[in-house]
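Listed here are the chains, written in short residue letters.
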Amino acid sequence: QANKRRELLIIKDFKELIMIDKVTLQACKDSSIVLELKIKNLEFAVSQSELMISESRVDHEALNYLRKKVASSIQDLEILYMIKRSKKL
């Protein structure tokens, strides 16, 4: 239970960093189905963006934008993974 509290505090501390809106974040906390869908969606978006970056099919400005979005999405995924782990505890 101490681990669960610690993870929830970490989630609370990182709320300013995540791009997920409050409603979606709450829906992920409330529903495992929504959580799993959001995780799969973000994982797919990250993989596709990384593929585009590696193939360099876009201009420099778009590459920088994609890199920032990928970094933000990975942060969001980490938060969602913490929520998922806390639900299993």
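Residues numbered from 1 in each chain as written. Predicted model: local features only at pLDDT ≥ 70, side-chain atom pairs only at ≥ 80, totals over all residues. Heavy atoms only, no water.

Caption draft 1: Layout of helix α3 (residues 32–55). Counted at 1.5 Å a residue, the expected span for α3 with its 24 residues is 34 Å, and the 35 Å between its end C-alpha atoms agrees. When we look at burial in α3, the residues that qualify are Leu35, Ile39, Leu42, Val46, Ser49 and Ile53. In the core, the buried residues of α3 are packed alongside α2 (22–30) and α4 (60–88). A distance of 3.3 Å separates the backbone nitrogen of Ile33 from a side-chain oxygen at the start of α3, and that oxygen is part of Ser31. Positive backbone phi, approximately 50°, marks Ser56, located one or two places after α3. (Helix = DSSP H or I, 4+ residues; strand = E, 2+ residues; numbered from the N terminus. Expected span 1.5 Å × (residues − 1). Buried < 20%, exposed > 50% of the residue type's maximum accessible area, 1.4 Å probe, protein only. Contact = heavy atoms within 4.5 Å. Polar contact = N/O pair within 3.5 Å; in protein donor to acceptor, adjacent residues only side chain to side chain.)

Caption draft 2: Main features of α4. Between its terminal C-alpha atoms α4 stretches 42 Å, which fits the 42 Å expected from 29 residues at 1.5 Å a residue. Residues Leu63, Leu66, Val70, Ser72, Ser73, Asp76, Leu77, Ile79, Leu80, Met82, Ile83 and Ser86 constitute the buried set of α4.

Caption draft 3: Fine view of the environment of Glu78. Inspection of the secondary structure puts Glu78 in helix α4. Here Glu78 falls in the partly exposed class, since its relative accessible area comes to 41%. Linking Glu78 and Ile39, residues 39 residues apart in sequence, is a C-alpha distance of 9.4 Å.

Caption draft 4: Expanded view of the pattern of salt bridges. Scanning the model with the defined rule gives one salt bridge in all. With a closest N to O distance of 2.9 Å, Lys84 and Glu36 form a salt bridge. Here Glu36 lies in helix α3 and Lys84 lies in helix α4, a separation of 48 residues in the sequence. (Salt bridge = Lys/Arg side-chain N within 4 Å of Asp/Glu carboxyl O.)

Caption draft 5: Quick look at the side chain of Ser49. Turning to its location among the elements, Ser49 is positioned in helix α3. A distance of 2.9 Å separates the side chain of Ser49 from the backbone oxygen of Ala45, its partner in a polar contact. With residues near it in sequence (within four places) discarded, Ser49 still touches Leu66 and Val70.

Geometric descriptors of this kind do not, in isolation, establish any biological role.
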